[in-house]
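Here is how the chains run, residue by residue.
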Amino acid sequence: MNKDQVAQILVEIGTLLELKGENPFKTRAYLNVARTLESLSEPIERIVSENRLGEIKGIGEAIQKKITELVTTGRLEYYEELKASLPEGLLVMLTVPGLGPKKVKALYEKLGITGLDELEMACNEGKVAALDGFGEKTQQKICEGIQFRRTYASRHLLSDALLLAEPILDDLRQHPDVIRCSTAGSLRRFKEIVGDVDFLVSSKNPAEVIEYFTTLPGILSISAKGDTKASVVLEGGIQADLRVVTDAEFPFALAYFTGSKEHNIVMRQRAIQRGLRLNEYGLFKSDAETRDPALLVTCQTEEELFSRLDLAYVPPELREDQGEFLAAEQNDLPRLLEWTELKGSLHNHSNWSDGRNSLEEIATQMRELGCAYWAITDHSKSSFQANGLQPERLLQQLQEIASLNQRLADEEIDFRLLTGTEVDILNEGRLDFDDELLQKLDVVVASIHQGFTQSEAETTKRLIRAAENPFVHMLGHLTGRLLLEREPYKVNQHAVIDACAETGTWIELNGSPLRLDMDWRLWHYAKEKGVKCVVNCDAHRFEHAGYLRLGAGMARKGWLTKTDVVNTQSLDSLRLALQKKRGLRRS
DNA sequence: GCCGTTTTCGGCCCGACTGTTTTCAGTCG
């Protein structure tokens, strides 16, 4: 049982305890540990076998025993008994907006409701409104919540959320009553999946701004509207929250609403250690509950707030309580990659396989975008579904690219297409093209496109064997995940990273919004091992060049700098780097 | 259930909004 599975069970235990009406701090203890585990960069089996669980903050004796039982036996008696003691449907009921553990408990105990269908029926019969603590409006909201849940998912791709949020942010920025504004929350932290979109505005006239926000085009419904806060549902069912504060409060509120929760807790603790009190309204020279402006430690910006707590400015992407405090204290935060530092993508497709555009179109577009190079890495022959290239066609493509590049050289244009392939990693780690052909290519990306159901050991071995091939430059989309659509295939990513470190193989950070793979949580480890990253678009049409920005955002989240990322190099030094693994050093 | 320059008990982040209540509980972020 891996850490994600363990974490999921701990979350469920916490939730079940809440439904039972247990001490809320006890339930929170389980949820806290679950979150800690999710962000663990080390396999949990190793920690358990080396008896180091107790060293992790938040894990005491009781939870330590439970995790050990889960990891070593694959099950947990305590959990199974707890689960059997309550109907399964109660957990589903909790996902209805507006329903928390207390209300679900009441519905179960007073009306015997154990699932969504029963709940909807009880609402329609007016039984819910008659309960103590419930009423007509609550009943109505529950009905709408069930409907909403059926229609929309509550998790969204970062790219979808950005597309909706950025125009709204522009609109807000232009409103005369808006002094400063920003996105906040997981969107600002660049999480690959977001639940909602948060906006923060400073203004002297909150009512105007709230009114403006709730009447913007593209808003499906208004869920809440108060003096300083509003919630709406955007197209696609994404919820958006707006908070309006005074301009003096803005930096504090921005930090607060950007989170993460874990990051905020440490910030607050640092304030307390300095005899201060931090909340969304300010940093106060008092431990009493107050918003007295006389006690406010004035900060114009987030930078100043961090500095008051003896920290260097922590970019939003790093605010996950993943070591940023230690680094910020020592002024040792990396200067993170900027997406404009990327000079091109090394994994892309053309209409020779399953892409849309011709080589010529791609060259023109990418040159105009300001790229220095763009690799064409169409699929190899086994990827029938993607119109993979037979060796003869690939050789033909090399000639076409050579003549295209010749024309660019003649016109003294500083842009080149690079030749390449995204070669399939077949079963047992053999590659779909032989070494002789691979050797002729500028760039070789090796990826898995088949055999997703193999065991973790088999898949790991396949990837390691591919990394060991001297003609392979990088491994593509390491886990094959499609966010919100397909689970990653089982692979020991740490073992693959170790193999890449030994062989000098790079790992791709695939910028496609559905992939964003390898996951940002693993780059810290890869970087420590000295493995280089390549931020790629996996473009199938030239609009996908925008994925460079998404990929770069994930690289930032993984603490990567310009020097950690191969495709920040100029064409000349990239060529040298590409040849280095092969030990060929052509001129 | 966890934790400790408040250390083995008594805290645990905290404020806005909603709907229910007639002063507050539940939910959410």
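A brief report on the enclosed structure follows. (Residues numbered from 1 in each chain as written. Chains lettered and ligands numbered in written order. Predicted model: local features only at pLDDT ≥ 70, side-chain atom pairs only at ≥ 80, totals over all residues. Heavy atoms only, no water.)

## Let's talk about the environment of Val 104
With respect to the helices and strands, the residue Val 104 is situated in helix 7 (residues 101-111). Under the relative-accessibility criterion, Val 104 is labelled buried at 0%. Between the C-alpha atoms of Val 104 and Leu 31, which are 73 residues apart in sequence, the distance is 19 Å. Non-local contacts of Val 104, meaning those with residues more than four positions away in its chain, are made with Leu 19, Leu 90, Met 93, Leu 94 and Leu 99. (Helix = DSSP H or I, 4+ residues; strand = E, 2+ residues; numbered from the N terminus. Buried < 20%, exposed > 50% of the residue type's maximum accessible area, 1.4 Å probe, protein only. Contact = heavy atoms within 4.5 Å.)

## Let's talk about helix 7
Looking only at helix 7, the buried set comprises Val 104, Ala 106 and Leu 107. Looking straight down helix 7, one finds that the buried residues subtend no more than 160° of arc, so they occupy a single side. Exposed side of helix 7, more than 90 degrees from the buried face: Lys 102 and Glu 109 are the residues found there. Here the buried face of helix 7 lies against helix 1 (3-20), helix 6 (89-93) and helix 8 (116-124). Looking one or two residues beyond helix 7, the residue adopting positive phi is Gly 112, at roughly 70°. (Arc of directions from axis to C-beta.)

## Things to note about the sheet that holds strand 11 (residues 378-379)
Sheet architecture is open: six strands sit in the order 11-13-14-15-16-17, paired in parallel fashion. Each edge of the sheet is formed by a strand with only one pairing partner; in this case those strands are strand 11 and strand 17 (533-536). Strand direction decides the pairing type here: strand 15 (residues 474-475) and strand 16 (residues 506-510), joined by two bridges, are parallel. From the neighbouring strand, Met 474 faces strand 16, where its bridge partner is Trp 506. (Pairing = 2+ DSSP bridges.)

## Focus: the pairing of strand 17
Both faces of strand 17 are covered, namely the face carrying Cys 533 and Val 535 and the face carrying Val 534 and Asn 536. In the sheet, strand 16 pairs with strand 17 via four bridges, with the strands oriented parallel. Of the residues in strand 17, the one forming a bridge with Leu 509 is Val 535. The parallel pair strand 16 and strand 17, bridged by helix 22 (residues 523-528), forms a crossover whose chirality is right-handed. (Right-handed = clockwise from strand over helix to strand, strands pointing away.)

## Side note on the nonpolar core
Ranked by size, the top nonpolar core spans 96 residues in total, and within it Phe 199, Phe 213, Trp 374, Phe 415, Leu 417 and Leu 475 carry the most contacts. Residue contributions to this core peak at seven residues, all from helix 10 (residues 158-174). Counting residues in each nonpolar core, the second largest holds 46 residues, with Tyr 79, Met 93, Ala 106 and Phe 134 among its members. (Core = buried A, V, L, I, M, F, W, Y, C linked by side-chain atoms within 4.5 Å.)

## A short note on the state of the cysteines
Simply put, the disulfide is a covalent bond whose two ends are the sulfur atoms of two cysteines. Tallied over the entire structure, the rule returns zero disulfides. Just so you know, Cys 123 is unpaired, no disulfide at all, and the nearest cysteine sulfur is the one on Cys 143, 4.1 Å from it. Using a relative accessible area of 3% as the deciding quantity, one classes Cys 123 as buried. (Disulfide = S-S within 2.5 Å.)

## Remarks on the pattern of salt bridges
The final tally for this structure, using the stated rule, is 34 salt bridges. Residue Glu 211 pairs with Lys 225 through a salt bridge whose shortest N-O separation is 2.9 Å. Here Glu 211 is found in helix 12 (residues 206-214), whereas its partner Lys 225 is found in strand 5 (residues 219-225), with 14 residues between them in sequence. Judged by relative accessible area, which is 45%, Lys 225 ranks as partly exposed. A single network of salt bridges, built from pairs that share partners, joins Glu 42, Arg 46, Glu 50 and Arg 52. (Salt bridge = Lys/Arg side-chain N within 4 Å of Asp/Glu carboxyl O.)

## A word on unusual backbone geometry
With an omega of 0°, the peptide bond between Gly 259 and Ser 260 qualifies as cis. Omega for the bond connecting Asp 517 with Met 518 falls within 30 degrees of zero, at 15°, which places this linkage in the cis form. Position of Met 518 relative to the elements: it lies in the loop between strand 16 and helix 22. In the Ramachandran plot, Asp 310 falls in the positive-phi region, its phi being about 60° despite a non-glycine side chain.

## Focus on the packing of aromatic side chains
Summed over the entire model, instances satisfying the criterion amount to four aromatic pairs. Taking 5.7 Å as the distance between ring centres and 90° as the angle between the ring planes, the aromatic pair formed by Phe 306 and Tyr 313 counts as edge-to-face. Look at Phe 306 and you get buried, because its relative accessible area is 0%. Taking the relative accessible area as the measure of exposure, Tyr 313 reaches 28% and is therefore partly exposed. Seen from the ring of Phe 134, Lys 103 lies directly overhead, with NZ or CZ sitting 5.8 Å from the centre. Taking the ring centre of Trp 520 as reference, the NZ or CZ of Lys 557 above it sits at 4.6 Å. (Phe/Tyr/Trp six-rings, centres within 6.5 Å; stacked < 30°, edge-to-face > 60°. Lys NZ or Arg CZ within 6 Å of the ring centre and 35° of its normal.)

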